[in-house]
Amino acid sequence: EQATKAKEVPESLVYTCKGCGIPNPIPQNDPNDIQEPYECEGCGNKGPFVINHDKSEFADEIKLKLKQPADKAPNGQGESMTVVVRDSLLELNGKHIQTYTGERATINGWIERRQESQSGKEFIRYVNAHSIDFLDEQDTVDVSDHLETIKTEAAKDNCIDRFAQSLVPQLYETDAWEGGLLVAVAYLFGSPRIDLRNNKNVEADATFRGDIHCAFIGDPGTMKSGVARAIHQFSPQSEHRSATGLSSEVGLTASAVRDSEFGDGKWTLKPGVLVRGNGGHVILEEIDKTGADLSRMNDGLEGDQKITVDKAGINATLETRVGLLVTGNPEEGRFYPEESIPSQIDIDRSLLSRFDAIVTVEDTPDIEIDTEIAGTIGESYREAAEAEFKGRTEFDALDRYITPEVGKAWVKYARENITPVPTREAIETLKEWYAEDARQLNEDESVVPATPRKMEVGLRFASAFAR
């Protein structure tokens, strides 16, 4: 969860006796409690001694704050413990240990005690690490158990619609949500990232983001949270948070912070939600209610999708390769028909420009539609009550073509194994869509005016649906 900057600590100090010149090596286990020789091994005198730095042994050391994941903790909070990492463990797989901050890991080591300060009155327990294994959240999903079902579903002509309709079966699909659920499917599957800078076989230099970013902005009671929860349920790896608790850019990205309870009150590296979600999805609800500067996320959502922290001696570059989905209400709490939609969305325009899709959901009174919505909710409630209290196991309103377990496995398999390459015919179709539809939208009707960036949006969505 956090990491201090590296510092040099003694492992063995060699004290030279000023009387006879004999070296006296003394092992050091605690940098806050330096051990000195009681008497010289040569002449037996009690000093004076001087440290021979050339013959002494030192190690680079970093402290990590290891916190139990909230979803694994019995009280939902998660216990934490200090971990001491030295020397070879500071570089893993060609990356500095600080760049892993925020990722899940299993740390093996032994528990030791150190003095908390030079006063020697208090001691802290810590883990002296001897190995670190970083966990892939998606490894908890066993694709092999569902692969045959996935292949059967993927072979159906309407597989994308079936996946979309399985996300929230109790949701009545208005026109807005019919398109919104398709956006959700594309968001889950995403598009492969293309970065030719790492390809040694070509001289071209081109980078295309693969992660899809989207926003669901709607009136209260339009099931935004229900859809967000369903997306989290179908994602093999996601961070699902309320933006109301992210009061600063530290919660969003990463920063160097002072921590009075960790790192001896010195500067430590603390990752935000974009870093913790690296490699998967980040879902932020109530984006309109946060006090954080949302534009801080811009760099982490485009290009290299990385966050750089360079402060108080801490220099780290952390990857933020996630698909971001946000939900929120209009600026005044609900949409007003007499005002344009864009003017009612109070989100920084530079951040909005990063979104590939913005779904707006209005709660407009309509007797026919309202009757259908009420009927869908009522039937869903009745079936759920019968399942809870009468043992019902088959459903109509709550029936899903694809279960969350199969959906997770499908998304995992596709993201890891399927890399679509568009045909020339597909490019021609997208060219026509961009020139005739995307570019012709009136700026008053579009939350974000169409720019050439929208062509990349079309490519990402086409690739996601192909997956």
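In case you missed it, the structure is sitting above this.
As the structure is a prediction and not an experimental result, all values here were calculated from the model.

Concerning the overall build of the protein
- Along the protein, the regular secondary structure elements total 12 helices and 21 strands.
- Overall, the protein is about 100 × 60 × 50 Å in size when its C-alpha atoms are taken along their principal axes.
- Counting over 467 residues, the protein shows a buried share of 42%.
- Counting only contacts in the protein whose residues sit at least 6 apart along the sequence, the fraction spanning at least 24 positions is 68%.
- Charged side chains of the protein number 52 positive and 83 negative; the gap between the two group centres comes to 6 Å.

Some thoughts on helix α10 (residues 404-417)
- Taking 1.5 Å per residue, 14 residues should reach 20 Å; α10 reaches 20 Å between its end C-alpha atoms and fits that length.
- For α10, the set of buried residues is Pro404, Val406, Gly407, Ala409, Trp410, Val411, Lys412, Ala414 and Arg415.
- Summarising the contacts, the buried residues of α10 are in contact with α1 (147-154), α2 (159-167), α3 (175-189), α4 (224-234) and β17 (281-285).

Concerning unusual backbone geometry
- Cis peptide bonds are those with omega within 30 degrees of zero, and the linkage from Gly47 to Pro48 qualifies with 0°.
- Mapped onto the elements, Pro48 comes out in the loop between β3 (23-27) and β4 (49-51).
- Of note in the backbone geometry, Met223 takes a positive phi value of approximately 70° without being a glycine.
- Note on placement: Met223 falls in the loop between β13 (214-218) and α4.
- Residue Met223 is classed as partly exposed on the basis of its relative accessible area, which comes to 31%.

Re the nonpolar core
- Counting 40 residues, the largest nonpolar core has Phe163, Leu167, Leu188, Phe189, Phe216, Val227 and Ile231 as the members making the most contacts within it.
- For this core, the secondary-structure elements that each account for two or more residues are α2, α3, β13, α4, β21 (357-361), α10 and α12 (453-466).
- The element best represented in this core is α3, accounting for 9 residues.
- Among residues more than four places away in sequence, those in contact with Phe163 are Val185, Leu188, Phe189, Phe234, Ile402, Gly407, Trp410 and Val411.

Criteria and thresholds
- Residues numbered from 1 in each chain as written.
- Predicted model: local features only at pLDDT ≥ 70, side-chain atom pairs only at ≥ 80, totals over all residues.
- Heavy atoms only, no water.
- Helix = DSSP H or I, 4+ residues; strand = E, 2+ residues; numbered from the N terminus.
- Buried < 20%, exposed > 50% of the residue type's maximum accessible area, 1.4 Å probe, protein only.
- Contact = heavy atoms within 4.5 Å.
- Lys, Arg positive; Asp, Glu negative; His and termini not counted.
- Charge placed at Lys NZ, Arg CZ, Asp CG, Glu CD.
- Expected span 1.5 Å × (residues − 1).
- Core = buried A, V, L, I, M, F, W, Y, C linked by side-chain atoms within 4.5 Å.

Geometric descriptors of this kind do not, in isolation, establish any biological role.
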